[in-house]
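# Fold and contact review
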Amino acid sequence: MNRHQLLSRLASRHAIIYTQGLFHTSELWSERWRDSPFGGRIAQRNGLWVDRPPRWLLRNFRSTTLDGTARRLGARRWTGALKHWRNHPLVAYVFHPMFWPYVDALQPAFLVYHAYDLFCRMPSWEQADADDERALLRRADLSLASSEMTAAVLTARGGRPVRVLPNAVDYNAFAHPQPLPGHLQAELDAIPHPRIGYIGRLSMKVDLPLIAALAARHRDWQFVLIGGMAPLDAYTRAGLANCRQLKNVILLGHRHPQTLPGYARAMDVNALFYRLDGATWADACDPLKLYEYLAAGQPVVGSAIPGLKAFSDVVWLVRSLEDWQRALHGSLAGNGAGTSEQRLAVAHRNDWWNRVDTLNGLLNDMFMAPRQL
């Protein structure tokens, strides 16, 4: 995810603790809770200090007093791990409104809010989340969004500017993929060409009925869907049911992130099957997989969401079922948008290290700017 890509690289310049927050009482006996050490652990991984919270320290949403105590103890634990950097300002870098309650406990010198999606379009969004996000936007010293549309919505909501920091790609990983493990390669070899790939979680923003319709019309095309399942709505559940009835829709499920470059390169076309009905957050996305597809070099076809319009020279943008058929036919025949070299060049310009250089400059500007009253 973008936060892992950014922070693991930014850690070469700053001391960073990455945490997903404390457990709460509803997570008792969950797999994540059982896998964490009883007393917790903060250990270095990929340059970051990664927090595995203690099992005994639980947030309790039913008690304001107990919850506040847990958050203060958690904040003390994180700041204590940064004791060797006490002469440096403490920055709370928040990627989701759910972490707003930790801000008061941390009392950071600076606050950054980085919205990687337009969360208000997601099905789990509630009024409490909206209140927390508005508080973040008003308090933050620097607010960032991954797309222009998300930035515009958040600027209107918070009344203060939100900067755009698009997603990017680990260029070397996708342009020069490692071989797949033997059993995965054998599984892939059993899938005939042409292969049309989608790599990412199957959520309600993915147009699964569209995939089923295309697969039903073109039984010689193999639609290879790689990614775990996320909550679906009635529209996407119906589409998934239809996909499961088609032999040329192959649901491979979750795969380790290190294998994804190999899968992307093994497709004849990589696709961004996003819904265009405005019912989800899809139209506000800056898709991570866009840059990864481009770095794989294969032709890319995608729904004409706003975030893809700037890439129309290397992505064939479509709206209707007929557009999809025409674009896939053309791309499979070697007439995709742009050449492989052009796709690789765009991906190279959008490497994560370039994003980190931009982010580091924004952070330095934040440190030097006069503080708001």
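Preceding this paragraph is the structure being described.
Residues numbered from 1 in each chain as written. Predicted model: local features only at pLDDT ≥ 70, side-chain atom pairs only at ≥ 80, totals over all residues. Heavy atoms only, no water.

## Considering the sheet that holds strand β8 (residues 142-145)
Taken in spatial order, the 4 strands of this open sheet run β6-β7-β8-β9, and their pairing is parallel. Pairing within the sheet leaves two strands with one partner each, and these edge strands are β6 (91-94) and β9 (163-164). The pairing of β6 with strand β7 (residues 110-115) spans 4 bridges and is parallel. Across the sheet, residue Tyr93 finds its bridge partner in β7, namely Val112. Lying over the sheet, helix α5 (residues 127-139) contacts β6, β7 and β8, oriented at roughly 130° with respect to β7. (Pairing = 2+ DSSP bridges. Helix = DSSP H or I, 4+ residues; strand = E, 2+ residues; numbered from the N terminus. Contact = heavy atoms within 4.5 Å. Axes fitted to C-alpha atoms, helices over the stretch in contact; angles between N-to-C directions.)

## Brief notes about the nonpolar core
Counting residues in hydrophobic clusters, the biggest one holds 93 residues, and the most contacted among them are Tyr113, Phe223, Phe273, Leu294, Trp324 and Leu328. When residues no more than four places from it in sequence are discounted, the contact partners of Trp324 are Leu210, Leu214, Ala271, Leu272, Phe273, Val301, Gly302, Ser303 and Val318. Grouped together as the second largest cluster of nonpolar side chains are 21 residues, Leu7, Ala11, Trp352 and Val356 included. (Core = buried A, V, L, I, M, F, W, Y, C linked by side-chain atoms within 4.5 Å. Buried < 20%, exposed > 50% of the residue type's maximum accessible area, 1.4 Å probe, protein only.)

## Points about the state of the cysteines
This structure, assessed with the given rule, holds 0 disulfides. With no disulfide partner, Cys285 has as its closest neighbouring cysteine sulfur the one in Cys120, 12 Å distant. Judged by relative accessible area, Cys285 falls into the buried class, the value being 3%. (Disulfide = S-S within 2.5 Å.)

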